[in-house]
Amino acid sequence: MAEVKSFQLQCPAPLNESEHVQLAHGGGGRRMHELLEGLLLPSFSSQQLLERHDGAVLNISSARLAFTTDSYVVKPLFFPGGDIGTLAVNGTVNDLAMCGARPLYLSSAFIIEEGFAMESLQRVVESMRVSAAEAGVQLVTGDTKVVDKGKGDGIFVNTAGIGVIEHNFKIAPSSVKPGDVVLLSGDVGRHGIAIMAMREGLSFETTIESDCAPLWEPVHALLEAGIEIHCLRDLTRGGLSSGLIEIAETAQVRIGIEEHAIPLREDVAGACEILGLDPLYLANEGRFAAFLPEHETARALEILSQHSVSSGAVRIGQVLEKPRGMVTIKSLMGTERILDMLSGEQLPRIC
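What counts, and at which threshold
- Residues numbered from 1 in each chain as written.
- Predicted model: local features only at pLDDT ≥ 70, side-chain atom pairs only at ≥ 80, totals over all residues.
- Heavy atoms only, no water.
- Helix = DSSP H or I, 4+ residues; strand = E, 2+ residues; numbered from the N terminus.
- Rg over C-alpha atoms; globule rule 2.2 N^0.38 Å.
- Buried < 20%, exposed > 50% of the residue type's maximum accessible area, 1.4 Å probe, protein only.
- Contact = heavy atoms within 4.5 Å.
- Areas by Shrake-Rupley, 256 points an atom, 1.4 Å probe, with all protein chains shown as cover.
- Lys, Arg positive; Asp, Glu negative; His and termini not counted.
- Charge placed at Lys NZ, Arg CZ, Asp CG, Glu CD.
- Phe/Tyr/Trp six-rings, centres within 6.5 Å; stacked < 30°, edge-to-face > 60°.
- Lys NZ or Arg CZ within 6 Å of the ring centre and 35° of its normal.
- Axes fitted to C-alpha atoms, helices over the stretch in contact; angles between N-to-C directions.
- Parallel < 35°, antiparallel > 145°, perpendicular 65-115°, else oblique.
- Left-handed = near helix turned anticlockwise from the far one by under 90°.
- Nonpolar A, V, L, I, M, F, W, Y, C, P; charged D, E, K, R; others polar.
- Disulfide = S-S within 2.5 Å.
- Patch = residues over 30% accessible without salt bridge, like charges linked within 9 Å, V, L, I, M, F, W, Y side chains within 5 Å.
- Salt bridge = Lys/Arg side-chain N within 4 Å of Asp/Glu carboxyl O.
- 1 Å grid on protein atoms, 1.4 Å probe; cavity = no way out; pocket = protein on both sides within 12 Å on 5 of 7 lines; lining within 4 Å.
- Points joined across faces, edges and corners; volume = space filled by probe spheres on them.

Trainee: Account for the overall build of the protein chain, naming residues and giving values.
Mentor: Of regular secondary structure, the protein chain possesses nine helices and 14 strands. For the protein chain, whose C-alpha radius of gyration is 21 Å, the value lies close to the compact-globule estimate of 20 Å for 351 residues. If one aligns the C-alpha atoms of the protein chain with their principal axes, the spans along those axes are about 65 × 65 × 50 Å. In the protein chain, which comprises 351 residues, the proportion classed as buried is 50%. Taking the contacts inside the protein chain whose residues are at least 6 apart along the sequence as the reference set, 85% of them involve residues at least 24 apart. Surface exposure of the protein chain reaches about 17,100 Å², of which carbon and sulfur atoms provide 54%. Each charge class in the protein chain was averaged separately, 28 positive and 45 negative side chains, and the resulting centres sit 4 Å apart.

Trainee: I'd love a proper account of the packing of aromatic side chains, names of residues and values included.
Mentor: All chains considered together, the criterion is met by zero aromatic pairs. Sitting over the ring of phenylalanine 78, arginine 123 keeps its end group 3.8 Å from the ring centre.

Trainee: Give me the packing of helix H6 (residues 216-224) against helix H9 (residues 297-304): which residues, what numbers.
Mentor: Running from N to C, H6 and H9 cross one another at 140°; their axes reach a closest spacing of 9 Å. With respect to their mutual orientation, H6 and H9 come out oblique. As for how H6 packs across H9, the hand of that crossing is right-handed. Residue-level contacts link Pro218, Ala221 and Leu222 of H6 to Ala300, Ile303 and Leu304 of H9. Partitioned by chemical class, the residues of the contact of H6 with H9 number six nonpolar, no polar and no charged.

Trainee: Quick rundown of the state of the cysteines? Include the residues and the values.
Mentor: Disulfides are covalent bonds that link the sulfur atoms of two cysteine residues. Counted by the stated rule, this structure contains zero disulfides. Free of any disulfide, cysteine 99 has its nearest cysteine sulfur in cysteine 231, 9.5 Å distant. Here cysteine 212 is not cross-linked by a disulfide; its sulfur's nearest cysteine counterpart is in cysteine 351, at 10 Å.

Trainee: An account of a nonpolar patch on the surface is requested, with residue identities and associated values reported.
Mentor: A cluster of nonpolar residues, Leu39, Leu40, Phe44 and Leu49, forms a patch on the protein surface that exposes about 340 Å² of accessible area. Within the secondary structure layout, leucine 49 lies in helix H2 (residues 47-50). Looking at leucine 49, the relative accessible area reads 36%, which means it is partly exposed.

Trainee: Please give an account of the layout of surface pockets that cites residues and values.
Mentor: Gaps between atoms show up when a probe of the same size as a water molecule is rolled over them. Approximately 1,600 Å³ is the volume found for the largest pocket. Met32, Leu36, His53, Thr69 and Arg237 are, among the 49 residues lining the largest pocket, the residues nearest its centre. A total of seven residues in the lining of the largest pocket trace back to one element, the largest contributor, which is helix H1 (residues 30-43). Its residues assigned to classes, the lining of the largest pocket comprises 18 nonpolar, 18 polar and 13 charged.

Structural data, given as structure tokens:
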């Protein structure tokens, strides 16, 4: 009788209550992290992916390069303070900046729905041209595809970027250590509210514009001054809370922040109260958190204050040792609570 050999069927994505991809899987919250940890990271494992950073740092000959990619599906395509073209350039430029890299070159790929207005396409392309010039990068290669009417929702844009690292710091979540301070470059929540208002046809006393902007200038100034940066994170999908939780889990530290220290514009706070949204989880497209030794705090804040995109920078907290992998916030009343990732995203398709 032939020997029956046993075998194991391995699946990198454990079954759960959802057998289909949901919007929450792209929202920057817990569902997205389940998808990354359960399927994508085990399938494409590499040291660079394990860093869980905004981009990959690559050593090629004598050069240290940063490489990143991102896709943009924001709805609506045009909103106060920017559009999908502005996001596509600044988002990728900022991911390179968060690696401590000088952004140099971008690629761009367009997936366009048949019937999309040529005038709208021209607006997107012009926004990308202007944004690239402002960020000091060149678009050097790309691709264009057109899909059937009703199959593309207007236009989707992908950009990838390459930057050069010109310092010896390792700027990554794994470099964060107890004793570091947490700096926030400015007020939070504006991008999320700008998108929500435009999408739902809401109007407030003042027009809330997205904070979409390139971040390399203040980061470069910190590096030029020799500030010992341990980690940088732009606070896009999932907002401030999710960004800090990702870093705490990767570095296996506790991050403690103070609610009273987090800048929040009055109009954004009012909109959040009306709409039942938590500003700590709202997406930003021109804000970042910086982790650095405590003795560098005053000098770093002084440098950041000299640049318009980070002129409102403040210290919001500190890195502690335990409990590991956790973010806590001290409320205005003095009580402390744990911040957790949302199961999805308060506002899907935010970038």
